[in-house]
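The residues making up each chain are set out below.
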Amino acid sequence: MRVAACGPVAAGVRAAAKGAAMTGGLFDGDVGELELQRQRQLQGAHWQQWQADPSWTPHLSAFFESAVGAQLLVKLQADVDSGARIYPPQPLRALLLTPLPQVRVVILGQDPYHQAGQANGLAFSVAPGVTIPPSLRNMYKELHADARAAPAVQRTSGCLDDWADQGVLLLNTCLT
């Protein structure tokens, strides 16, 4: 089995998969694939358990304690309880990788990815080994063609962790 993942949560999934494969454990057969899929999706609407840089905490707290935020969490938990597949497993990952004081640019994506193995918590970003989506391919082409931009190296991966580390906050309309 191949586990292509990006970021800290994914590293744990990769390590678990490697360990299980070596011992003939959890990831054997269909049960293993189901467990891997479960780990790649959201398990509950408990925002305090979602990792984010501490600089975001007052803003997150204010939002999720508001009527709109509380309503969102209730809807999200109902979806999880009904068996809906919700990606990524770490919804606030963009806020973990890009602390508020370091934000230099905000890029908003319209829609989140909806297939297993695509979403990694940063808008437009996908795990290494996952086909670069058309929207990100277009962004790469524009950056490469823009004479004002720093010379762009042709990227072969769709993982944008390095952008987040440089202060590019990558969110979509679902705040993942």
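Owing to the predicted nature of the structure, the values given are computational and were not obtained by experimental measurement.

(A) Here's a closer look at the overall build of the protein. A count of helical and extended segments in the protein gives seven helices and two strands. N-terminal to C-terminal, the α/β element order of the protein is α-α-α-α-α-β-α-α-β. For the protein, buried positions account for 41% of its 176 residues. Sequence-distant contacts in the protein: of pairs separated by 6 or more residues, those separated by 24 or more amount to 69%.

(B) Geometry of the packing of aromatic side chains. Tallying each qualifying case throughout the model produces four aromatic pairs. Ring centres of Trp 47 and Phe 64 lie 5.2 Å apart, and the angle between their planes is 20°; on these two criteria the pair is classed as stacked. Here Trp 47, found in the loop between helix H2 (29-39) and helix H3 (57-65), pairs with Phe 64, found in helix H3; they are 17 residues apart in sequence, far enough to count as distant. Geometrically, the ring pair formed by Phe 63 and Phe 64 is edge-to-face, given 5.0 Å between the ring centres and 70° between the ring planes. On the basis of relative accessible area, Phe 64 is assigned to the buried category, the value being 9%. Among the aromatic residues, ring-to-ring pairing joins Trp 47, Trp 50, Phe 63 and Phe 64 into one connected group.

(C) Examining the pattern of salt bridges more closely. Taken as a whole, this structure holds three salt bridges when the rule is applied. Residue Asp 79 is joined to Lys 75 by a salt bridge in which the shortest nitrogen-to-oxygen separation is 2.9 Å. Residue Asp 79 and its partner Lys 75 are located together in helix H4 (residues 67-81), separated by four residues, close to a single helical turn. Taking the relative accessible area as the measure of exposure, Asp 79 reaches 24% and is therefore partly exposed. In this structure, the salt-bridge partner of Asp 161 is Arg 93, at a minimum N-O distance of 2.8 Å.

(D) Structural context of the environment of Ala 116. Relative to the assigned elements, Ala 116 resides in the loop between strand E1 (105-109) and helix H6 (134-145). C-alpha separation for the pair Ala 116 and Arg 85, spaced 31 residues apart in sequence, amounts to 8.5 Å.

(E) Spatial organisation of the confidence of the model for the protein. For the protein, per-residue confidence averages 76 on the pLDDT scale, and residues scoring 70 or more make up 72% of the total. The weakest mean pLDDT in the protein belongs to helix H1 (residues 8-23) at 36; the strongest belongs to helix H7 (residues 161-165) at 95. Across residues 1-31, where pLDDT falls below 50, the model places 46 contacts with residues more than four positions away in sequence or in other chains.

(F) Representation of H6 in the model. Under the 1.5 Å per step criterion, the end-to-end length of H6 is 16 Å for 12 residues, consistent within 8% with the ideal 16 Å. Along H6, the residues that are buried comprise Leu 136, Met 139 and Tyr 140. With its buried residues spanning 100° around the axis, H6 presents them on a single face. Seen from the buried face of H6, the exposed residues on the opposite side, beyond 90 degrees, are Pro 134, Lys 141, Glu 142 and Ala 145.

(G) Representation of the packing of H3 against H4 within the structure. Two numbers describe how H3 lies on H4: the axes approach to 4 Å, and their chain directions differ by 75°. One element, H3, and the other, H4, form an angle in the roughly perpendicular class. Contact residues: H3 offers Phe 63, Phe 64 and Glu 65, while H4 offers Ala 67, Val 68, Gly 69, Ala 70, Leu 72 and Leu 73. Looking at the contact of H3 with H4 residue by residue, the class counts come to seven nonpolar, one polar and one charged.

Rules used throughout
Residues numbered from 1 in each chain as written. Predicted model: local features only at pLDDT ≥ 70, side-chain atom pairs only at ≥ 80, totals over all residues. Heavy atoms only, no water. Helix = DSSP H or I, 4+ residues; strand = E, 2+ residues; numbered from the N terminus. Buried < 20%, exposed > 50% of the residue type's maximum accessible area, 1.4 Å probe, protein only. Contact = heavy atoms within 4.5 Å. Phe/Tyr/Trp six-rings, centres within 6.5 Å; stacked < 30°, edge-to-face > 60°. Salt bridge = Lys/Arg side-chain N within 4 Å of Asp/Glu carboxyl O. pLDDT = per-residue confidence, 0-100. Expected span 1.5 Å × (residues − 1). Arc of directions from axis to C-beta. Axes fitted to C-alpha atoms, helices over the stretch in contact; angles between N-to-C directions. Parallel < 35°, antiparallel > 145°, perpendicular 65-115°, else oblique. Nonpolar A, V, L, I, M, F, W, Y, C, P; charged D, E, K, R; others polar.

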